[in-house]
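In case you want the letters, here they are:
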Amino acid sequence: KETAPDKTQAMQLQFFFVFLAFFLGTIQSLKNNYDPHYPSGGKGLWFEGWYTRIIDPKNGRSFASVGGTFCAPGLDCKDMVGLPGYLGLIHQADSNSKFSVEETFPKNTVITKKGKPIHSNPDYASLPDFRWDSEANGHFTNSSIHINFSNGKIKLDVDMVNPTYWNPENPGEGPEGIVGALPLQQHWFVYSTKSAAKYTFQSSDGKVLSGVGYAHQEKNWGSSFPTEWVWTQGISANGKYSFAISGGKVPVVGSLGIHAWLAGWRSPDRNWNFRPQDLSVANPKIQACNGTFFMQVSKLGKEIRLSISAPMSTFTGLAVPVASGFVPNGCVESYAARATVEVYSWGTLVETVNFTGAALEFGGGYLCRKPKVMQQVSIQNPL
């Protein structure tokens, strides 16, 4: 499937966000958005989900923890205690191994902040201090992951320190910028592009792998999820270069959605963000059945071009939140992508960086619909 941007819609979106930014320009977005949020009025529909990807360049390994909680429409969200949820683990023994996925849908999850139930949104001063729990499968926080599957036969333990915030001067600002403070239906926040991580993984046969690397930490929350999206992320082996891009058709009001893209580039010389309110122009090319994605995004004097691809056999299915809860295979994701990023300043190519072991995800309406192609994808818990 190949898609091109709707330029008229993109311009309308830009003016919308510029208008909002004008009135919100005096507000500092200091909110610590990595902590849990509270559903408006304490009622569903609501989801909260955290994602941490561990990259070990030395050993060519990658792991990811995906955990979240769901509150059904119209129900009392119970301070985010005792609600159903989802926990997933993507793991790989080495760069030559296929990716495997463990998934569980616990009926009882608990989210707390400083050990107490959630009664309000994150405050404007303190750093993250939350904990997500599943009695049968473990827990995670902003600085550690301790989860298990198959009655404890499969385990992942991670300790993370020294986060590199999306905005080093403001830990509460993510890819959305000031728009992250608006009551939109769905949000994306990157807490850290590069935390120092130390991990231990135990496979079902009892083999133990351990190592160190980088952790990319982010979350989504809101009352609905995009109907179609691409997400991609990568970091160089030396940790000096990284990128993160996400976008697609995102919900705004009710069933109304608009196409929008957010992108970030980090290097020793540049800390660039691209957002609709910055009058950024995005030109994506999506070919999910080939496992490829191209993005050209630019604003005044700044431009990045990303080309990324992964073999279809390296993609695996993951659950996503919908109106009825977390459902399997709402997206496919690979950690075996190769990417090239070209960076232009005022039309001059100033950086070219190649990445291996990057992440690439297609979801919702952007999923490949060709059965023969999808036979190559590792699908867990088929519907």
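Residues numbered from 1 in each chain as written. Predicted model: local features only at pLDDT ≥ 70, side-chain atom pairs only at ≥ 80, totals over all residues. Heavy atoms only, no water.

## Quick notes on the overall build of the protein chain
Item 1. Helix and strand counts for the protein chain stand at two helices and 23 strands.
Item 2. Expressed as a percentage of its 383 residues, the buried residues of the protein chain come to 57%.
Item 3. When contacts within the protein chain are restricted to residue pairs at least 6 apart in sequence, those whose partners lie at least 24 apart make up 62%.
Item 4. Put simply, the protein chain shows about 16600 Å² of open surface, and 54% of that area lies on carbon and sulfur atoms. (Helix = DSSP H or I, 4+ residues; strand = E, 2+ residues; numbered from the N terminus. Buried < 20%, exposed > 50% of the residue type's maximum accessible area, 1.4 Å probe, protein only. Contact = heavy atoms within 4.5 Å. Areas by Shrake-Rupley, 256 points an atom, 1.4 Å probe, with all protein chains shown as cover.)

## Quick look at the nonpolar core
Item 1. In this structure, F243, W261, W265, F293, I308 and F362 are the most contacted members of the largest nonpolar core, which totals 37 residues.
Item 2. With near-sequence residues (within four places) excluded, F362 lies in contact with W229, V230, I286, Q287, A288, G291, T292, F293, F315, C331, V332 and L367.
Item 3. F63, I111, L156 and F189 belong to the second largest nonpolar core, which has 32 residues in total. (Core = buried A, V, L, I, M, F, W, Y, C linked by side-chain atoms within 4.5 Å.)

## Let's talk about the state of the cysteines
Item 1. Summed over the entire model, instances satisfying the criterion amount to two disulfides.
Item 2. The disulfide partner of C71 is C77, and the gap between their sulfur atoms is 2.3 Å. On the sign convention where negative means left-handed, the S-S torsion of about -100° between C71 and C77 marks this disulfide as left-handed.
Item 3. Judged by its relative accessible area of 1%, C71 is buried.
Item 4. Paired by a disulfide, C289 and C368 hold their sulfur atoms 2.0 Å apart. (Disulfide = S-S within 2.5 Å.)

## Section: the side chain of S334
Item 1. Structurally, S334 is set in strand β22 (residues 325-345).
Item 2. Residue S334 is classed as buried on the basis of its relative accessible area of 1%.

## Some words on the packing of aromatic side chains
Item 1. One pass over the structure, following the stated rule, counts 23 aromatic pairs.
Item 2. When the ring of F130 is compared with that of F140, the centres are 6.4 Å apart and the planes differ by 80°; the resulting orientation is edge-to-face. In this pair, F130 sits in strand β8 (residues 130-134) while F140 sits in strand β9 (residues 138-140), placing the two residues 10 residues apart along the sequence.
Item 3. Residue classification places F140 among the buried residues on the basis of a relative accessible area of 4%. (Phe/Tyr/Trp six-rings, centres within 6.5 Å; stacked < 30°, edge-to-face > 60°.)

## So, the confidence of the model for the protein chain
Item 1. For the protein chain, per-residue confidence averages 88 on the pLDDT scale, and 89% of positions sit at 70 or higher.
Item 2. For the stretch residues 1-5, pLDDT sits under 50, and the model shows 18 contacts to residues farther than four places along the chain or on other chains.
Item 3. In the model, residues 21-29 has pLDDT below 50 throughout and makes 10 contacts with residues more than four positions away in sequence or in other chains. (pLDDT = per-residue confidence, 0-100.)

## Section: the environment of T292
Item 1. Looking at where T292 falls in the secondary structure, it is placed in strand β19 (residues 292-299).
Item 2. The spatial distance from the C-alpha of T292 to the C-alpha of R338 is 9.7 Å, given a sequence separation of 46 residues.
Item 3. Discounting chain neighbours no more than four positions away, the residues touching T292 are K285, I286, Q287, I308, S309 and F362.

## Structural notes on the pairing of strand β16 (residues 256-266)
Item 1. Counted residue by residue, β16 has nine buried out of 11 residues, so it is predominantly covered.
Item 2. Relative to strand β17 (residues 271-274), β16 runs antiparallel, the two sharing four bridges. Looking at the pairing, W265 lines up with W272 of β17. (Pairing = 2+ DSSP bridges.)

## Digging into the pattern of salt bridges
Item 1. Evaluation of the coordinates by the stated rule reveals eight salt bridges.
Item 2. For E351, the salt bridge goes to R270, with nearest N and O atoms at 3.4 Å. On the criterion of sequence distance, the pair formed by E351 in strand β23 (residues 348-364) and R270 in the loop between β16 and β17 is long-range, its members being 81 residues apart. A single burial state applies to E351 and to R270, both of which are buried.
Item 3. R305 is paired through a salt bridge with E303; the nearest N and O atoms lie 2.5 Å apart. (Salt bridge = Lys/Arg side-chain N within 4 Å of Asp/Glu carboxyl O.)

## Digging into unusual backbone geometry
Item 1. At N162, a residue that is not glycine, the phi angle is positive and equals roughly 50°.
Item 2. Following the sequence through the fold, N162 ends up in the loop between β11 (154-161) and β12 (186-202).

## Some remarks on the environment of R61
Item 1. Looking at the secondary structure, you find R61 in strand β2 (residues 61-71).
Item 2. When sequence neighbours within four positions are dropped, the list of residues in contact with R61 reads I54, I55, D56, Q92, A93, D94, Y199, L209 and S210.
Item 3. A distance of 3.2 Å separates a polar atom in the side chain of R61 from the backbone oxygen of S210. (Polar contact = N/O pair within 3.5 Å; in protein donor to acceptor, adjacent residues only side chain to side chain.)

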